[in-house]
Amino acid sequence: MEAFAPRYNIYAVIHKGLRAWMAHTLQALGRADWLDAEDSAAALAELRSLLAVCRSHLAHENDFIHPAMEARRPGSSGQTQGDHGEHVRAIDTLLARAGALEAARGARRAELGYALYLALAMFVAENHEHMDIEEVRNNAALWAAYGDAEILAIEQALVASIPPPEMMLTLRWMLPSASHGERCALLMGMRAGAPAEVFAGVLGMLQPLLTPRDWTRLQDALAQPAEMAKAA
Ligand SMILES: [Fe+2]
């Protein structure tokens, strides 16, 4: 029997992070007391942070993944390119709703807050369907046209274009949402390429977000190469 050898999945971990981030933000809007200034400001800041990263994420896919698909499979990115246009319009509408809520007073704020919550829920629902298409159909197109090393190179070029503050914010959601193996692979790659203080900062950010067991397993995995190197 052949061993299961999965192909390199360029979407898997970032999408796990985005799904978790979207769920968190939706819950924050549902919980917000829109008549309380502090609550409202915190919920809207969470919403704007999510939407900024969603806008940036689709631009990264437009700039790096879709051109690669089109280069070897013309037309293969059409569906998700079209979706991205819709997402930009949906993000603009959500931001306009957030602005209108901020400007409103009294009971109207609660009414607009609930409408904003429902609108974000529909945006999240659409994004879940969209990410499924990317992970099934776009991955199939990429895997048919590219080897894993080439897909990894596309990802590395994409990641290199992300400014450090956006990267840190994204890692805050990706790393706790990834499986142990995915988390180790991502962090080992980062340790090999990033300055030591940046890597230490990422670990410091991550520790309180993991269960004690996941943190211990990660520490053990990160210690292994060094121990093996010492033994050699
Ligand atoms: Fe996308």
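The rules we used
- Counting starts from 1 at the beginning of each chain's written sequence and moves along it residue by residue.
- Local features in this predicted model are restricted to residues whose pLDDT is 70 or higher, and side-chain atom pairs enter the listing and the counts only when it is 80 or higher, whereas totals over whole chains, interfaces and linings include all residues.
- Water and hydrogen atoms were dropped before computing side-chain values, which therefore reflect all heavy atoms in the structure.
- Only N, O and S atoms count as donors, using a 2.8 Å cut-off from the metal and 3.2 Å for Na, K and Ca, and because water is excluded some sites may appear unfinished.
- By definition, any uninterrupted DSSP run of H or I lasting at least four residues is a helix, any uninterrupted run of E lasting at least two residues is a strand, and each is numbered from the N terminus.
- For every residue, the accessible area (1.4 Å probe, protein chains only) is compared with the maximum for its type, and the residue is labelled buried under 20%, exposed over 50%, or partly exposed between those bounds.
- Working rule for helices: expected span equals 1.5 Å times residues minus one.
- Centres within 6.5 Å are what make two rings of Phe, Tyr or Trp a pair, Trp counting through its six-membered ring; a difference in plane orientation under 30 degrees is then read as stacked, over 60 as edge-to-face, and the rest as tilted.
- Residues forming no salt bridge and having over 30% relative accessible area are the ones grouped into patches, like charges within 9 Å of each other and nonpolar side chains (Val, Leu, Ile, Met, Phe, Trp, Tyr) within 5 Å.
- All accessibility values rest on the Shrake-Rupley procedure with a 1.4 Å probe; residue burial counts only the protein chains present in the view.
- One side-chain nitrogen of Lys or Arg within 4 Å of one carboxyl oxygen of Asp or Glu is enough to make a salt bridge.
- Positive: Lys, Arg. Negative: Asp, Glu. His and the chain ends are not part of the count.
- Lys charges are placed at NZ, Arg charges at CZ, Asp charges at CG and Glu charges at CD.
- Note: domain ranges come from an automatic or database domain assignment.
- To define axes, lines are fitted to C-alpha atoms, for helices over the stretch in contact only, and angles between the resulting N-to-C directions are given on a 0 to 180 degree scale.
- Our angle categories are set so that under 35 degrees counts as roughly parallel, over 145 as roughly antiparallel, 65 to 115 as roughly perpendicular, and the remainder as oblique.
- We call two residues in contact whenever any of their non-hydrogen atoms come within 4.5 Å of each other.
- We call Asp, Glu, Lys and Arg charged. Ala, Val, Leu, Ile, Met, Phe, Trp, Tyr, Cys and Pro are nonpolar, and the rest, Gly among them, are polar.
- Here a cavity means grid points, on a 1 Å grid over the protein atoms only, where a 1.4 Å probe fits yet cannot get out; a pocket means an open set of points with protein on both sides within 12 Å along at least five of seven lines; lining residues are those with an atom within 4 Å of a point.
- Grid points are joined across faces, edges and corners, and a volume is the space filled by probe spheres set on the points.
- Residue types Ala, Val, Leu, Ile, Met, Phe, Trp, Tyr and Cys, when buried and joined through side-chain atoms within 4.5 Å, form a set referred to as a nonpolar core.

### Looking at the coordination of the iron ion
(1) Moving on: The protein atoms that coordinate the iron ion are Glu61 (OE), His84 (NE2), His130 (NE2) and Glu134 (OE), at distances of 2.0 to 2.3 Å.
(2) Moving on: If you list the donors of the iron ion from N- to C-terminus, the spacing comes out as E-x22-H-x45-H-x3-E. Linking Glu61 in helix α2 (residues 37-72) with His130 in helix α4 (residues 107-145), this pair joins segments that are 69 residues apart in sequence. The same class applies to Glu61 and to His130, which are both buried.

### A look at helix α1 (residues 12-31)
Counting along an α-helix, one turn takes 3.6 residues, and residues three or four places apart therefore face a common direction.
(1) Moving on: Here α1 spans 29 Å end to end across 20 residues, near enough to the 28 Å set by a 1.5 Å rise per residue.
(2) Moving on: Every buried residue of α1 is listed here: Ala12, Val13, Ile14, His15, Gly17, Leu18, Trp21, Met22, Thr25, Leu26, Ala28 and Leu29.

### Re the packing of aromatic side chains
(1) Moving on: Across all of its chains, the model carries two aromatic pairs by this definition.
(2) Moving on: Geometrically, the ring pair formed by Trp21 and Trp173 is stacked, given 5.8 Å between the ring centres and 15 degrees between the ring planes. With Trp21 in helix α1 and Trp173 in helix α6 (residues 164-177), the pair connects residues that are 152 residues apart, well separated along the chain.
(3) Moving on: An angle of 25 degrees between the planes, with centres 6.3 Å apart, marks the rings of Tyr114 and Tyr117 as stacked.

### Some remarks on a negative patch on the surface
(1) Moving on: The grouping of Asp33, Asp36, Glu38 and Asp39 at the surface amounts to a negative patch.
(2) Moving on: As for its placement among the helices and strands, Asp39 is situated in helix α2.

### A look at the domain arrangement of the protein
(1) Moving on: Here the protein is described as being made up of domain 1 (12-162) and domain 2 (179-232).
(2) Moving on: The distance between the C-alpha centroids of domain 1 and domain 2 comes to 28 Å.

### Some words on the packing of α2 against α6
(1) Moving on: One way to put it is that α2 packs onto α6 with a least axis distance of 11 Å and a crossing angle of 105 degrees. By the angle between their axes, α2 is roughly perpendicular relative to α6. Across the interface between the two elements, Ser49, Val53, Ser56 and His60 from α2 touch Glu166, Leu169 and Thr170 from α6.
(2) Moving on: Counted by class, the contact of α2 with α6 contains two nonpolar, four polar and one charged residues.

### Considering the layout of surface pockets
(1) Moving on: Each pocket or cavity is described by its volume, and for the largest pocket that value is around 1,100 Å³.
(2) Moving on: Around the largest pocket, the lining is made up of 38 residues, and of these Glu155, Val159, Met167, Met174 and Leu186 lie nearest the centre.
(3) Moving on: Broken down by secondary-structure element, the contributors of at least two residues to the lining of the largest pocket are α1, α2, α5 (148-160), α6, α7 (180-193) and α8 (196-206).
(4) Moving on: In terms of residue class, the lining of the largest pocket is made up of 26 nonpolar, eight polar and four charged.
(5) Moving on: Split by domain, the residues of the lining of the largest pocket number at least three in each of domain 1 (12-162) and domain 2 (179-232).

### A few points about the nonpolar core
(1) Moving on: Leu47 and Leu120 are the most contacted members of the largest nonpolar core, which has 32 residues in total.
(2) Moving on: Counting only elements with at least two residues in this core, the list comes to α1, α2, α3 (78-103), α4 and α6.
(3) Moving on: It is α2 that provides the largest number of residues to this core, a total of eight residues.
(4) Moving on: When sequence neighbours within four positions are dropped, the list of residues in contact with Leu120 reads Thr25, Leu26, Leu29, Leu47, Leu50 and Leu94.

### As for the side chain of Glu155
(1) Moving on: Mapped onto the fold, Glu155 is located in helix α5.
(2) Moving on: Setting aside its immediate chain neighbours within four residues, Glu155 contacts Tyr8 and Ile10.

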